[in-house]
Amino acid sequence: MSRPDRSTTPSTPPTRERTRRHSWVRVFLPVALILVWLVGAGLGGPLFGKIDEVSSNDQTSYLPESADATQVQKLLGEFRDSDTIPAIAVFVADGDLSESDIQTITDAVAGAPSVEGVSDDVSPALTSDDGQAVQAFIPIDGDAELADAVAALGDELRDAAPDGVTVYITGPAGFSADLVAGFAGIDGLLLGVALLAVLIILVLVYRSFLLPLVVLSTSLFALCVALLVVWWLAKFEVLLLSGQTQGILFILVIGAATDYALLFVARFREELRVARDKGTAVLAAWKGSFEPIVASGGTVIAGLLCLLLSDLKSNSTLGPVAAIGIVFAMLAALTLLPALLLLFGRAVFWPRRPKFEPEVVAEEHGMRTTGLWARLAGLITRRPRVIWIATTLVLIAGASGVLQLNASGVPQSDLVLGASEARDGQVALGEHFPGGSGSPVYVVVQEDRLQDAADVLLADDGIDGVAVTASDSPSGSAPVTEDGISAFGPPGTPAPEPTVVDGEVLLQGTLTDAADSDAAAQTVRDLRAELDDIDAVVGGVTATAIDTNDASIHDRNLIIPVILVVIMLILMLLLRSILAPVLLIATTVLSFGTAMGVSALMFNGVFDFPGADPAVPLYGFVFLVALGIDYNIFLMTRVREESLEHGTREGVLRGLSITGGVITSAGLVLAATFAALSVIPILFLVQLAFIVAFGVLLDTFVVRSLLVPALAYDLGRVIWWPSKLWRRGRD
């Protein structure tokens with residue numbers, strides 16, 4: 001059944017006044033919409049360089065309030081009377097250090113506060129037992145530009161160090177500076193690579209000069225306005241923003257907005273073939289695109305908002321931030337893009353303008369009879385069961401690799417890829433001093449149980465030494481032994497009194513192993529178990545990593561099933577069926593399993609990654625399932641539309657041939673945008689980039705092109721059970 005020629009459909013002759021008013025609306029409305037978006041983008045664009053003003057990469061700030069590490073972190077400021085981040089300067093010589101070398105290093109450390117951003121509370125330099133290294137604790141002011149302060153401190157100390165002595169800046173400040181440097185390219189490099197990749201794909205798809213710019217402008221305007229909203233919400237502390245969340249927001253908005261725009265443009269091109277008037281074509285395209293775009297965006301938003309159930313704030317805040325981005329991606333595709341297409345009309349496709357050819361469309365019966373998708377439809381017609389069974393078996397084989405996935409967490413020193421002065425400094429520190437120097441275990445305990453807690457720490461082989469915070473001691477702390485707090489000065493000098501805050505004292509235990517090692521993590525877990533009887537709370541860098549991993553695993557196990565249920569319910573409402581959504585969810589989960597299995601094999605055997613964060617599978621699931629359902633929606637809403645008129649099996653073939661091109665283009669765009677995350681040298685983002693990019697391509701070229709159409713064709717109208725289409729439809 002062919003579509004009517006809308007240019008010749010009879011209608012009541014319009015009066016001159018109605019015609020003039022209609023023309024004025026058709027010009028004013030798109031211009032007004034474009035101006036509104038232009039103002040929003042103009043306000044949001046300048047904020048790209050100011051996101052660091054409202055974001056934080058402090059891992060402790062993302063933990064639940066009830067976590068031990070969070071409680072200890074809040075108390076540290078009360079014991080220290082400062083809000084500083086400790087840096088450890090490590091001086092390493094090729095041989096033994098002479099007395100003059102040590103004095104030169106001591107003078108350099110004493111002069112460190114002259115560097116902008118360095119606190120005055122510099123601890124005395126300590127020489128290693130082997131006489132070949134010196135370490136010093138140099139705090140960085142909490143409100144300083146961390147990366148700049150650490151770099152300036154390193155330059156100052158290297159200039160002052162004796163010849164033949166290598167200087168490293170490591171510790172919490174060093175690793176935090178590495179993270180800041182890793183995220184530094186997120187405003188420019190990431191955005192530029194993503195936009196360039198999308199532009200190249202759009203030019204190849206459309207073979208047009210103007211249309212790719214129109215589509216890309218839609219995505220960029222959506223991102224600018226989304227950033228405007230998110231920035232101010234973060235400014236007023238309604239949302240918590242990090243470099244990781246920022247990068248995902250950029251990629252998600254550009255990818256989703258471009259996908260929605262591709263769907264709309266495909267509908268618009270179809271309508272231009274049967275409608276001479278561009279306004280009629282835009283309106284028809286809007287009506288045909290509205291339901292799948294809103295359903296697709298709504299599904300992604302629902303999946304993202306499930307992250308609000310997370311204990312980790314890094315997960316729970318990503319949900320609303322990304323959901324805001326998807327909202328503006330949908331709005332841009334349904335308002336800004338139609339306005340631009342209404343202004344340009346057929347000229348937007350130049351030099352390959354679609355012709356007005358309703359008679360050709362009528363002969364085709366609305367379905368392509370040549371080309372790749374027509375041949376694929378023919379193949380499915382002949383061997384549907386063989387295709388979906390064989391495809392399923394291949395996907396299951398790929399999914400078996402998920403058993404090799406190590407997602408129990410990675411050391412802090414491995415979070416940043418490439419060269420790292422902080423990582424090298426930690427290695428050097430471990431060769432000459434206890435591995436946990438500078439990143440101690442903090443224990444907050446009642447004053448009357450101080451010695452009991454100290455005895456537990458001293459008895460643990462993973463602890464090299466114990467000290468208590470004491471403001472009246474020369475170094476701000478005093479060693480604690482089995483005999484009590486050690487005194488300073490000559491025999492008979494009284495031991496310093498520990499600093500007491502609300503009846504509690506702060507103990508520090510120096511770890512024997514590196515603070516981010518598995519051995520240190522086990523030490524902290526053992527200490528927590530042994531100190532539980534005296535109500536002591538354990539925190540510090542190692543404890544923060546433990547609490548973060550534990551909360552992330554809890555989130556993963558809770559949120560993944562919830563997302564599946566929510567998305568399935570949405571699909572049931574959209575497709576008016578139960579069986580079809582169940583099968584679509586099953587294929588998407590299988591596709592996700594295969595993506596994770598192949599990724600695990602690549603991470604271990606090719607990239608040699610040290611492991612993965614527990615949040616990697618969760619984020620991969622959220623984006624692959626929520627975004628993979630987009631293509632299910634694009635395909636199956638069209639299949640249902642065609643099935644109502646032509647029967648289920650022909651509807652499957654029509655839906656595949658009509659949407660195959662746009663789904664493939666959308667998949668390529670989304671894979672390219674997520675792949676752009678790999679330019680940021682952060683392990684989490686590089687792994688997420690591979691998982692999502694590979695998973696989207698797998699979903700596009702295998703699941704949505706072969707598995708789903710073949711399965712739906714083989715089942716016939718039973719796939720719509722128990723709707724009216726199942727009872728009254730035809731195969």
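What you see is a predicted model; the values in this text were computed from it and never measured.

**Q** Teacher, can you tell me more about the packing of aromatic side chains here?
**A** One pass over the structure, following the stated rule, counts 15 aromatic pairs. Aromatic side chains Phe 607 and Phe 609 sit 5.4 Å apart centroid to centroid with 25° between the ring planes, which places their arrangement in the stacked category. Among the residues examined, Phe 607 registers a relative accessible area of 37% and is labelled partly exposed. By relative accessible area, Phe 609 is classed as buried at 15%. Judged by centre distance (5.5 Å) and plane angle (50°), the rings of Phe 623 and Phe 674 are tilted. With Phe 623 in helix H20 (residues 615–646) and Phe 674 in helix H21 (residues 648–675), the pair connects residues that are 51 residues apart, well separated along the chain. For the pair shown, Phe 623 and Phe 674 are each scored as buried. Put simply, the rings of Phe 603, Phe 607, Phe 609, Phe 690 and Phe 694 touch in pairs and so form one group of aromatic residues. In this structure, Arg 649 is placed above the aromatic ring of Tyr 713, and the distance from its NZ or CZ to the ring centre is 5.6 Å.

**Q** Help me out: how do you make sense of the pairing of strand S9 (residues 504–511) in this one?
**A** In regular strands, side chains alternate between the two faces of the sheet. Of the pairings in the sheet, the one linking strand S5 (residues 441–446) to S9 comprises six bridges and is antiparallel in character. Bridge pairing in S9 places Val 441 opposite Gly 509. Where strand S6 (residues 463–469) lies against S9, five bridges are found, and the strand directions are antiparallel. Its bridge partner being in S9, Ala 467 is matched across the sheet by Gln 508.

**Q** Is there a simple way to explain the packing of helix H8 (residues 243–274) against helix H11 (residues 318–344) in this structure?
**A** Each pair of packed helices can be summarised by the angle the axes make with each other and by the distance between the axes. Running from N to C, H8 and H11 point in directions that differ by 30°, and their axes come no closer than 8 Å. With respect to each other, H8 and H11 are oriented roughly parallel. Crossing handedness for the pair H8 and H11: right-handed. On the side of H8, the interface is formed by Thr 245, Ile 248, Leu 249, Leu 252, Val 253, Ala 256, Ala 257, Tyr 260, Ala 261, Phe 264, Val 265 and Phe 268, while H11 contributes Leu 318, Val 321, Ala 322, Gly 325, Ile 326, Ala 329, Met 330, Ala 333, Leu 337, Pro 338 and Leu 341. Split by residue class, the contact of H8 with H11 holds 21 nonpolar, two polar and no charged.

**Q** Please clarify how the pattern of salt bridges should be interpreted in this entry.
**A** Should the charged atoms of two oppositely charged side chains come close, the side chains can pair. Per the counting criterion, the structure on display carries 15 salt bridges. Among the salt bridges present, the one from Arg 638 reaches Glu 641, with a minimum N-O distance of 4.0 Å. Within this pair, Arg 638 and its partner Glu 641 are both found in helix H20, separated by three residues, close to a single helical turn. A relative accessible area of 36% means that Glu 641 is categorised as partly exposed. The salt bridge partner of Glu 650 is Arg 654, with a shortest N-O separation of 3.0 Å. Taken together, the residues Glu 650 and Arg 654, both in helix H21 and four residues apart, mark about one turn of the helix.

**Q** What is the right way to read the nonpolar core from this model?
**A** Generally speaking, a soluble globular protein has its nonpolar side chains buried in company with each other. Membership of the largest hydrophobic core comes to 160 residues, with the highest contact counts inside it found for Tyr 260, Leu 304, Leu 341, Tyr 619, Phe 623, Met 636 and Phe 674. Phe 674 has contacts with Ile 251, Leu 252, Phe 623, Leu 627, Ala 689, Val 692 and Ala 693, leaving out every residue within four places of it along the chain. Grouped together as the second largest cluster of nonpolar side chains are 33 residues, Ala 69, Ala 470, Val 505 and Ala 521 included.

**Q** Help me understand the sheet that holds strand S8 (residues 484–485), please; the structure alone is not making it clear to me.
**A** Pairing between sheet strands relies on hydrogen bonds along the backbone, with the strands arranged either parallel or antiparallel. Overall, antiparallel pairing links the six strands, which are arranged S8-S7-S6-S9-S5-S10 in an open sheet. Each having just a single partner strand, S8 and strand S10 (537–540) make up the two edges of the open sheet. Bridging between S5 and S10 involves four bridges; their strand directions are antiparallel. Paired with Tyr 442 across the two strands is Gly 539, which belongs to S10. Contacting S5, S6, strand S7 (477–481), S8 and S9, helix H16 (residues 450–458) crosses the sheet at an angle of about 70° to S7.

**Q** Honestly, the environment of Val 31 in this entry has me stumped. Any pointers?
**A** Its place among the elements puts Val 31 in helix H1 (residues 16–44). Val 31 sits in the partly exposed class, given a relative accessible area of 35%. Along the sequence, Val 31 and Ala 339 sit 308 residues apart, while their C-alpha atoms lie 7.2 Å from each other.

**Q** Is there a simple way to think about the side chain of Thr 659 in this case?
**A** For Thr 659, the position within the fold is in helix H21. Thr 659 gets classed as buried once you look at its relative accessible area, which sits at 5%. Discounting chain neighbours no more than four positions away, the residues touching Thr 659 are Phe 634, Leu 635 and Arg 638.

**Q** What's the story with unusual backbone geometry in this structure? I'm lost.
**A** For residues that are not glycine, phi is negative in most cases, and the peptide bond is trans in most cases. Geometrically, the link from Trp 350 to Pro 351 is a cis peptide bond, its omega value of 10° lying close to zero. Among the secondary structure elements, Pro 351 is positioned in the loop between H11 and helix H12 (358–364). Going from Trp 721 to Pro 722, the amide bond is cis rather than trans, its omega being 5°. Along the chain, the position of Pro 722 falls in the loop between helix H22 (683–715) and helix H23 (724–728). Even without being a glycine, Asp 535 presents a positive backbone phi close to 55°.

**Q** Please clarify how the sheet that holds strand S1 (residues 84–93) should be interpreted in this entry.
**A** Overall, antiparallel pairing links the four strands, which are arranged S2-S3-S1-S4 in an open sheet. A strand with exactly one partner marks an edge of an open sheet, and here the two such strands are strand S2 (126–127) and strand S4 (165–170). Taken together, the two bridges between S2 and strand S3 (residues 133–141) define a ladder with antiparallel strand orientation. Paired with Leu 126 across the bridge in S3 is Gln 135. Sheet contacts for helix H4 (residues 146–160): S1, S3 and S4; angle to S4, the most-contacted strand, approximately 165°.

**Q** Would you take a moment to explain the environment of Leu 573 for this structure?
**A** Mapped onto the secondary structure, Leu 573 falls in helix H18 (residues 541–575). Given a relative accessible area of 69%, Leu 573 falls into the exposed group. Placed 278 residues apart in sequence, Leu 573 and Ala 295 show a C-alpha to C-alpha distance of 9.8 Å.

**Q** Can you walk me through a negative patch on the surface in this structure?
**A** A cluster of acidic residues, Asp 52, Glu 53, Glu 116, Glu 145 and Asp 148, forms a negative patch on the protein surface. Counting through the fold element by element, Glu 53 comes out in the loop between H1 and helix H2 (68–80). The exposure class of Glu 53 is exposed, given its relative accessible area of 53%.

**Q** Could you clarify how one ought to interpret the confidence of the model for the protein chain in this entry?
**A** This prediction gives the protein chain a mean pLDDT of 85; 91% of its residues lie at or above 70. Mean pLDDT per element in the protein chain: H12 is the minimum at 70, and helix H14 (residues 384–399) is the maximum at 94. Here residues 1–14 scores under 50 on pLDDT; set against residues more than four positions off or in separate chains, the count is 21 contacts.

**Q** How do you make sense of the environment of Asp 460 when you look at a structure like this?
**A** Within the fold, Asp 460 resides in the loop between H16 and S6. With a relative accessible area of 13%, Asp 460 lands in the buried category. In this structure, the C-alpha to C-alpha distance between Asp 460 and Val 524, residues 64 residues apart in sequence, is 10.0 Å. Excluding its chain neighbours within four sequence positions, the residues that come into contact with Asp 460 are Thr 523, Asp 526, Leu 527 and Glu 530.

Cut-offs and rules
- Residues numbered from 1 in each chain as written.
- Predicted model: local features only at pLDDT ≥ 70, side-chain atom pairs only at ≥ 80, totals over all residues.
- Heavy atoms only, no water.
- Phe/Tyr/Trp six-rings, centres within 6.5 Å; stacked < 30°, edge-to-face > 60°.
- Buried < 20%, exposed > 50% of the residue type's maximum accessible area, 1.4 Å probe, protein only.
- Helix = DSSP H or I, 4+ residues; strand = E, 2+ residues; numbered from the N terminus.
- Lys NZ or Arg CZ within 6 Å of the ring centre and 35° of its normal.
- Pairing = 2+ DSSP bridges.
- Axes fitted to C-alpha atoms, helices over the stretch in contact; angles between N-to-C directions.
- Parallel < 35°, antiparallel > 145°, perpendicular 65-115°, else oblique.
- Left-handed = near helix turned anticlockwise from the far one by under 90°.
- Contact = heavy atoms within 4.5 Å.
- Nonpolar A, V, L, I, M, F, W, Y, C, P; charged D, E, K, R; others polar.
- Salt bridge = Lys/Arg side-chain N within 4 Å of Asp/Glu carboxyl O.
- Core = buried A, V, L, I, M, F, W, Y, C linked by side-chain atoms within 4.5 Å.
- Patch = residues over 30% accessible without salt bridge, like charges linked within 9 Å, V, L, I, M, F, W, Y side chains within 5 Å.
- Areas by Shrake-Rupley, 256 points an atom, 1.4 Å probe, with all protein chains shown as cover.
- Lys, Arg positive; Asp, Glu negative; His and termini not counted.
- Charge placed at Lys NZ, Arg CZ, Asp CG, Glu CD.
- pLDDT = per-residue confidence, 0-100.

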